[in-house]
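The residues making up each chain are set out below.
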Amino acid sequence: MTFRKLPTGMQDILPSECRILNHVREALSALFERSGYEPVLSAAVDYYDTYSQIANALPEERMFKFTDGDGKLLVLRPDATLSISRIAATKLERGSARLCYFANKWDAQNAGGLKSREIIQAGVERLGESGAFSDAQTIAFAVDCTRAAGLADPIVEIGHVGYFKGILEACGLTSAQAEEIRGLINAKDGLNAERVLRAAGAGGATLDAVRTLPTLFGGTEVFDRAEALTDNREALSALAHLREVGRILVDMGYEKNICFDLGTVKRLSYYSGVVFSGFVKELGVPVLSGGRYDTLADDFGKHIPAVGFAMGLKRVLVALERQGNLPPAPAAGCAVACEKGAERAAGELCRKLSAGGSRVTLLAEYGEEALRSASADEKYYVTAKGVRKI
């Protein structure tokens, strides 16, 4: 019977997990507020064409689609950043803003392992900013958010799509071919990546560079190796930008929380510069992901350079458990029971105890006997004659 089960990739969040999720949200919300970010929430339902008829179109098969009463095709929010780019281009008067959000997105194909088709996210978007200092601040804040969520020893891996684009530039690849090669490289399928490159007429230097990409991981020493692989202007500019981002992050005190990875490349039409992913060693998948996307708002009629990231809060919960860093369960608090006719006095006592900071439960059963099975640090019984602490 399907009503007893959930669709693949969907999960319920039970009370104990929901309490931890709320704890993480509160910690992040406080950090967002202290750091000058303003909250925003895009509509959960939008038109299908908003995401399918733009330059940065999302794959049709990844969207949850349904039909409106007027026959128009709708989707559940498939991407928080695109929806906020729409808001920025069409509804915000200012050309710059620092926004934060807590929102769900839905991915029809994202299922299996630690993946989910309903993704609970917290994120920030820095709109109207450009340059290495903006990128470095965003990465530093990603580290701060990971720590605020309760995770220890986060590492952010940083790359740049310009390096990959520059290496492939001389091949004259179509955007579809470049995207195919990107996917093959991320899947560590060097054989098929080389096959596509050879078919496109790639020379030996390009093939050597692509073969070397997976090894370009580590500290600032990777830059010298990466520079030796190419003389392409865009690729070298990307490396210079990464050097500056790294310098700033070291100066800000984040040296132990960053490394560089030029071999993992994110979606080329979406990102325009720096890209990064945040990890903890207890989890084999990112807990956050982000980068620079200067052209997303162009699809909605306004050019707004931007950089940001999103955290997957379900993954944060798994990482907290594996690190042994789950927040403590709340104190049992107080339990109050009363006799018939003493309901008003019992309610007044509960309000008094709550005002003092206690967690209070007013039992639904009458009589002192109801308190025997109550889990509480303090127990009170209220009668017409007064209050008695059990």
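Just above sits the structure.
Because the structure is predicted, anything quoted here is derived from the model rather than measured. (Residues numbered from 1 in each chain as written. Predicted model: local features only at pLDDT ≥ 70, side-chain atom pairs only at ≥ 80, totals over all residues. Heavy atoms only, no water.)

J.: How do you make sense of the overall build of the chain when you look at a structure like this?
T.: Assigned secondary structure in the chain consists of 12 helices and 16 strands. Along the three orthogonal principal directions, the C-alpha set of the chain runs to about 95 × 55 × 45 Å. The burial tally for the chain puts 48% of its 390 residues in the buried class. Per element, the accessible surface of the chain, about 19,400 Å² overall, is 51% carbon and sulfur. (Helix = DSSP H or I, 4+ residues; strand = E, 2+ residues; numbered from the N terminus. Buried < 20%, exposed > 50% of the residue type's maximum accessible area, 1.4 Å probe, protein only. Areas by Shrake-Rupley, 256 points an atom, 1.4 Å probe, with all protein chains shown as cover.)

J.: Can you walk me through the pattern of salt bridges in this structure?
T.: Opposite charge on two side chains lets them pair, provided their charged atoms get close. Enumeration over the complete set of coordinates arrives at 19 salt bridges. Ionic pairing is found between arginine 211 and glutamate 194, a salt bridge with its closest N-O pair at 3.1 Å. Of this pair, arginine 211 sits in helix 8 (residues 204-212) while glutamate 194 sits in helix 7 (residues 190-199), and the two are 17 residues apart along the sequence. A salt bridge links arginine 247 to glutamate 244, with the nearest nitrogen and oxygen atoms 2.8 Å apart. Taken as a pair, arginine 247 and glutamate 244 lie in helix 10 (residues 233-251) at a separation of 3 residues, close to a single helical turn. Judged by relative accessible area, arginine 247 falls into the partly exposed class, the value being 47%. (Salt bridge = Lys/Arg side-chain N within 4 Å of Asp/Glu carboxyl O.)

J.: Is there a simple way to explain the packing of helix 5 (residues 161-169) against helix 10 in this structure?
T.: Two quantities define a packed helix pair, namely the angle between the axes and the distance from one axis to the other. Helix 10 packs onto helix 5 with a crossing angle of 160° between their chain directions and a minimal axis gap of 7 Å. When the interaxial angle is binned, helix 5 and helix 10 end up roughly antiparallel. In terms of crossing hand, the pair formed by helix 5 and helix 10 is left-handed. Contacts from Gly162, Tyr163, Lys165, Gly166, Ile167 and Glu169 in helix 5 reach Glu234, Ala235, Ala238 and Leu239 in helix 10. Of the residues in the contact of helix 5 with helix 10, the class split is 5 nonpolar, 2 polar and 3 charged. (Axes fitted to C-alpha atoms, helices over the stretch in contact; angles between N-to-C directions. Parallel < 35°, antiparallel > 145°, perpendicular 65-115°, else oblique. Left-handed = near helix turned anticlockwise from the far one by under 90°. Contact = heavy atoms within 4.5 Å. Nonpolar A, V, L, I, M, F, W, Y, C, P; charged D, E, K, R; others polar.)

J.: Please clarify how the pairing of strand 10 (residues 274-279) should be interpreted in this entry.
T.: Across the 6 residues of strand 10, 6 count as buried, placing the element largely inside the fold. Where burial is concerned, the two faces of strand 10 agree: the one with Val274, Phe276 and Gly278 and the one with Val275, Ser277 and Phe279 are both buried. Bridge count for strand 7 (residues 155-160) against strand 10 is 6 bridges, and the pairing is antiparallel. Bridge assignment links glycine 159 to a residue of strand 10, and that residue is valine 275. (Pairing = 2+ DSSP bridges.)

J.: When you look at the sheet that holds strand 3 (residues 65-67) in this model, what are you seeing that I'm missing?
T.: Within a sheet, each strand pairs with its neighbour through backbone hydrogen bonds, oriented either parallel or antiparallel. Taken together, the 3 strands give an open sheet; going across it, the order is 2-4-3, and neighbouring strands pair in antiparallel fashion. The open sheet has two edge strands, strand 2 (45-47) and strand 3, and neither has a second partner. Each adjacent strand pair in this sheet contributes to an overall mean axis angle of 40°, direction not counted. The pairing of strand 2 with strand 4 (residues 73-76) spans 3 bridges and is classified as antiparallel. Following the sheet pairing, tyrosine 47 is matched in strand 4 by leucine 74.

J.: Got a minute to help me understand unusual backbone geometry in this structure?
T.: Peptide bonds are, in most cases, trans, and in most cases residues other than glycine have a negative phi. Not every positive phi belongs to a glycine, and aspartate 153 is a case in point at roughly 55°. For aspartate 153, the position within the fold is in the loop between helix 4 (132-148) and strand 7.

J.: Before we go on, may I ask you to explain helix 7 in this structure?
T.: Spacing of three or four residues puts side chains on the same side of an α-helix, whose turn is 3.6 residues. All of the buried residues in helix 7 are Ala193, Glu194, Val196 and Leu197. Seen along its axis, helix 7 keeps its buried residues to an arc of 160°; they face one direction. Every exposed residue of helix 7 that faces more than 90 degrees away from the buried side is listed here: Leu191 and Ala199. Buried-residue contacts for helix 7 involve helix 5, helix 6 (175-186) and helix 8. Following helix 7 by one or two positions, glycine 201 has its phi on the positive side, about 90°. (Arc of directions from axis to C-beta.)

J.: Help me out: how do you make sense of the sheet that holds strand 16 (residues 386-389) in this one?
T.: Taking strand neighbours across the sheet as the criterion, the 4 strands line up as 14-13-15-16 in an open arrangement whose pairing is mixed. The open sheet has two free edges, formed respectively by strand 14 (360-362) and strand 16, since each of these has just one partner strand. Averaged over all pairs of adjacent strands, the angle between strand axes in this sheet comes to 20°, irrespective of strand direction. Contacts from helix 12 (residues 343-355) reach strand 13 (334-338), strand 14, strand 15 (378-383) and strand 16, with the element oriented near 170° to strand 13.

J.: Sorry, what's going on with the nonpolar core here?
T.: Nonpolar side chains tend toward joint burial in soluble globular proteins. One finds Ile158 and Tyr163 to be the most contacted residues of the largest nonpolar core, which totals 99 residues. Take this core: its biggest share by element is 8 residues, from helix 4. With near-sequence residues (within four places) excluded, tyrosine 163 lies in contact with Leu213, Leu216, Ala226, Leu229, Thr230, Ala235, Ala238, Leu239 and Leu262. Core analysis: the next-biggest nonpolar cluster, separate from the first, contains 10 residues, Val336, Ala342, Leu349 and Val382 among them. (Core = buried A, V, L, I, M, F, W, Y, C linked by side-chain atoms within 4.5 Å.)

J.: Teacher, can you tell me more about the packing of helix 1 (residues 15-34) against helix 4 here?
T.: Running from amino to carboxyl end, helix 1 crosses helix 4 at an angle of 145°, the nearest separation of the two axes being 9 Å. You can see that helix 1 and helix 4 cross each other, and the crossing is right-handed. Only Phe141, Asp144, Cys145 and Ala148 of helix 4 make contact with helix 1, whose side of the interface consists of Ala27, Leu28, Leu31 and Phe32. When its residues are assigned to classes, the contact of helix 1 with helix 4 shows 7 nonpolar, no polar and 1 charged.

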